[in-house]
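Structural overview for review
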Amino acid sequence: MAVHILLLLLAVSVATADEDAFIGANIGTELSDMPHPTQVVALLKAQQIRHVRLYDADRGMLVALANTGIKVAVSVPNEQLLGIGQSNSTAANWVSRNIVAHYPATNITTICVGSEVLTTLPNAAPVLVNALKFIHSALVASNLDHQIKVSTPLSSSLILDSFPPSQAFFNRSWNPVLVPMLNFLQSTGSSLMLNIYPYYDYMQSNGVIPLDYALFKPLPPNKEAVDSNTLVHYSNVFDAMVDAAYFAMAFLNFTNIPVMVTESGWPSKGDSNEPDATLENANTYNSNLIRHVLNQTGTPKHPGIGVSTYIYELYNEDNKPGPLSEKNWGLFDANGDPVYILHLTGSGSVLANDTTNQTYCTARDGADPKMLQAALDWACGPGKVDCSGLLQGQPCYEPDNVIAHATYAFDTYYHQMRKDPAACNFNGVAVITTSDPSKNKSLIATCKQSMDHLSWDHVT
């Protein structure tokens, strides 16, 4: 066993990439009020999200994404996999309709063939590799095989004995599928796609995995997990799983296939038996993950080689079945308002909801006027906001409506509370936004012009 592990250590090579690792976002659509594709793209642009993964090849989304430069991963849904895996012509038609018709105006870079097929749709497993090959052959016929890569996202649960990573291996019962699949990925220069969820690893560990280790929180060396074979220290679940994937591939003699994480995230709300699905933990995990990827940190076995990752997910999906946590993985709600403000200072411009100096608290669109008035009364009373400027004849009186007045009071209180996200709720009639309300002429425009000393970024 020791000799075999040593051979694996010698065999695992550093994967190289054509570009630096990126952060992208998965776009699920199980919302009761799914935004129009043009609204989705507007949010992506505003947040400077340059990589997205779709769970299908929706024409409306692909048209809306045209000429934006956003790099797009499209998907063959699981329900279409059997047909494509059994027919080269069906695959060719799919590529013609969903890829060739949109490329290059829409910058499609990747095709995900199915999702977690081996664990969620095992009856389609025998045709998975054929589906990959047929889709790739159709790209070759269209001279697009160098521009667009083909792979299939796998569940990390396929990796057994994932810690220590140096002993990891794939579930051997799937080797008849995995070996030809890895051969295909290696021959086409594609990545192994893996869905990694430290939240579930933590929840299912019965206390073995510490919460801080799952959340990427800094750990003292004596609290880090140590691979007893390599003596390498691991400070988080994510890195350990990525390295486990590299070792599992090396176990099957594949040593130069890069890993791409197609899903990872943390839920912001859960049922009573999901106490760690919280806003704070979701913010901590995703903020740390994004920094980790964009800083090109790499993993302990591959330092400096970043792992491109798609955050799960862009929107909360309220129509998702299952526990409450299933509906609350999103960074934004259906209105495009951030569920929480990521802490990403110093990590570049991606996700513009990151800097606390650019967030505001405004009245929520469609909020009940009576509830707004009650919240306004509270802010100007117990909330200790100085609302004298809202009185008739004063600089902030116009426009004279409850939305404008409430926005003034809400944002002032939010700033007084040092932009604590909990300070912008007001029984659900307020929302945090990255849009400066002073630039909306229907909200406190006169107030801004008349009170030059008041800055929305410096109210204390």
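Here, every reference points to the structure presented above.
Residues numbered from 1 in each chain as written. Predicted model: local features only at pLDDT ≥ 70, side-chain atom pairs only at ≥ 80, totals over all residues. Heavy atoms only, no water.

**Quick look at the state of the cysteines**
Within the structure shown, the criterion is met by two disulfides. A disulfide bridge connects cysteine 380 with cysteine 387, and the sulfur atoms are separated by 1.9 Å. With the S-S bond torsion at -85°, the cross-link from cysteine 380 to cysteine 387 turns out left-handed. Residue cysteine 387 is classed as buried on the basis of its relative accessible area of 11%. (Disulfide = S-S within 2.5 Å. Buried < 20%, exposed > 50% of the residue type's maximum accessible area, 1.4 Å probe, protein only.)

**Details of the sheet that holds strand β6 (residues 153-155)**
The strand order β5-β4-β3-β2-β1-β15-β12-β9-β6 describes an open sheet built from nine strands, whose pairing is parallel. Of all the strands in the sheet, just β5 (149-151) and β6 have a single pairing partner and so form its edges. Between one strand axis and the next, the sheet turns by 25° as a mean value, whatever way the strands run. Judged from the three bridges that link them, β6 and strand β9 (residues 192-195) form a sheet pairing that is parallel. The residue bridging leucine 154 from the neighbouring strand is leucine 194, located in β9. (Pairing = 2+ DSSP bridges. Helix = DSSP H or I, 4+ residues; strand = E, 2+ residues; numbered from the N terminus. Axes fitted to C-alpha atoms, helices over the stretch in contact; angles between N-to-C directions.)

**A look at the environment of threonine 109**
Within the fold, threonine 109 resides in strand β4 (residues 107-113). Placed 40 residues apart in sequence, threonine 109 and lysine 149 show a C-alpha to C-alpha distance of 6.4 Å. Once you skip the residues sitting within four places of it in the chain, threonine 109 turns out to touch Lys71, Val72, Gln147, Ile148 and Lys149. (Contact = heavy atoms within 4.5 Å.)

**Some details on the nonpolar core**
Judged by nonpolar contacts, the single largest core of 104 residues is most densely connected at Ile111 and Leu192. Ignoring anything within four residues of it in the chain, the contact list for leucine 192 reads Ser151, Leu154, Phe170, Met181, Leu182, Leu185, Ala245, Met249, Ile257, Pro258, Val259 and Met260. Core analysis: the second largest hydrophobic core is formed by 24 residues, Ala409, Phe410, Ala423 and Ala430 among them. (Core = buried A, V, L, I, M, F, W, Y, C linked by side-chain atoms within 4.5 Å.)

**A look at the packing of helix α4 (residues 78-85) against helix α5 (residues 88-100)**
Taken N-terminus to C-terminus, the directions of α4 and α5 make an angle of 130°; their axes are 6 Å apart at the nearest point. On the basis of the axis angle, α4 is oblique to α5. For the pair α4 and α5, contact is made by Gln80, Gly83 and Ile84 and by Thr90, Ala91 and Trp94, respectively. Taken together, the residues of the contact of α4 with α5 break down into three nonpolar, three polar and no charged. (Parallel < 35°, antiparallel > 145°, perpendicular 65-115°, else oblique. Nonpolar A, V, L, I, M, F, W, Y, C, P; charged D, E, K, R; others polar.)

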